[in-house]
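# Structural overview for review
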Amino acid sequence: MRPSPKTDALFAVDTALRPTGFVRRGHVWLQDRGDGVSGWLGFGIAGELDLTPLVGVCFQRYDEICRTLGVGIPTTPMVSAPLGALMPEKPVWHWNFASGGDHAATASSLVTTFLKYGKPYVDKHAKWDALSRELVAKPETLLDFERARKLAIIHVLNGNAAAAGEVLKKERERVADSRDVYARSYRAFAHRFELAFMR
């Protein structure tokens, strides 16, 4: 049985990434940065094999807390951005692996662009102390639906349970009258968080 076009494209990307230290783990590529930190590269796939690269950083201790609380997916980046958003003028948002095209050349172009614009993002955010300080100072850089959860976890990992409690309280007050999916899941998260870390 012949591999699918998607398999061919991802194999070409995997081959081009090998020298960079990024290794495929399921549907993403990780680069071990030591001390439980990994560079992360994933792809949105659309149309006839348009790959949109997403760049991020994972922290094992953050993942462990998420697992304890039953939230998130393992090896999901704590911070991430589309590669195109990291590029200057005329960014490239996706690479097309056309059926019958030169996948090796397309993958090489993608990886070259990733090394130029994506790897510096990984390098900058792969230091827990600097990243956690930045996110606490500029919480608006986090998406609305993940802000309170991530900040509470950051505070508890940094040994500041009181600040975590304050984040939980403010978000609980903000969604107090709401019955939507986010509000219900947030209240359940806050309850589990308090049982695990606030006694």
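Placed above this text is the structure.
Fair warning: this is a prediction, and the values are worked out from it, not measured in the lab.

## A closer look at the overall build of the protein
Scanning the protein for helices and strands turns up seven helices and six strands. Along the three orthogonal principal directions, the C-alpha set of the protein runs to about 60 × 35 × 35 Å. Expressed as a percentage of its 199 residues, the buried residues of the protein come to 41%. Just so you have it, the protein exposes about 11,000 Å², and 55% of that area is on carbon and sulfur atoms.

## Structural notes on the environment of V71
Locating V71 in the fold gives a position in the loop between α2 (60–69) and β5 (79–82). For the pair formed by V71 and R149, sequence separation is 78 residues and the distance between their alpha carbons is 9.3 Å. Excluding residues that lie within four positions of it along the chain, V71 makes contacts with C66, R149, F189 and R192.

## Considering the nonpolar core
Core analysis: the biggest nonpolar cluster contains 52 residues, and F97 and F193 have the highest contact counts within it. Leaving out residues up to four positions away in the same chain, F193 has contacts with L69, A152, I153, V156, A164, L168 and M198.

## Some thoughts on the packing of aromatic side chains
All told, the structure shown has seven aromatic pairs when counted by the stated rule. Taken together, a centroid distance of 5.2 Å and an interplanar angle of 90° make the contact between F22 and F114 edge-to-face. Of the two residues, F22 is situated in the loop between α1 (5–17) and β1 (23–25) and F114 in helix α3 (residues 103–125); the sequence distance between them amounts to 92 residues. Across this residue pair, the class does not change: F22 and F114 are buried.

## As for helix α5 (residues 144–157)
Taking 1.5 Å of rise per residue, the 14 residues of α5 would be expected to cover 20 Å, and the 21 Å separating its terminal C-alpha atoms lies within 8% of that figure. Taking burial as the measure, the 14 residues of α5 include 10 buried ones, the bulk of the element. Inspection of α5 places E146, A148, R149, K150, L151, A152, I153, I154, H155 and V156 among the buried residues, and these make up the whole buried set. Along its buried surface, α5 packs onto α2, α4 (128–137), α6 (161–174) and α7 (181–197). In the segment just after α5, G159 is the residue with positive phi, at about 80°.

The rules behind each value
Residues numbered from 1 in each chain as written. Predicted model: local features only at pLDDT ≥ 70, side-chain atom pairs only at ≥ 80, totals over all residues. Heavy atoms only, no water. Helix = DSSP H or I, 4+ residues; strand = E, 2+ residues; numbered from the N terminus. Buried < 20%, exposed > 50% of the residue type's maximum accessible area, 1.4 Å probe, protein only. Areas by Shrake-Rupley, 256 points an atom, 1.4 Å probe, with all protein chains shown as cover. Contact = heavy atoms within 4.5 Å. Core = buried A, V, L, I, M, F, W, Y, C linked by side-chain atoms within 4.5 Å. Phe/Tyr/Trp six-rings, centres within 6.5 Å; stacked < 30°, edge-to-face > 60°. Expected span 1.5 Å × (residues − 1).

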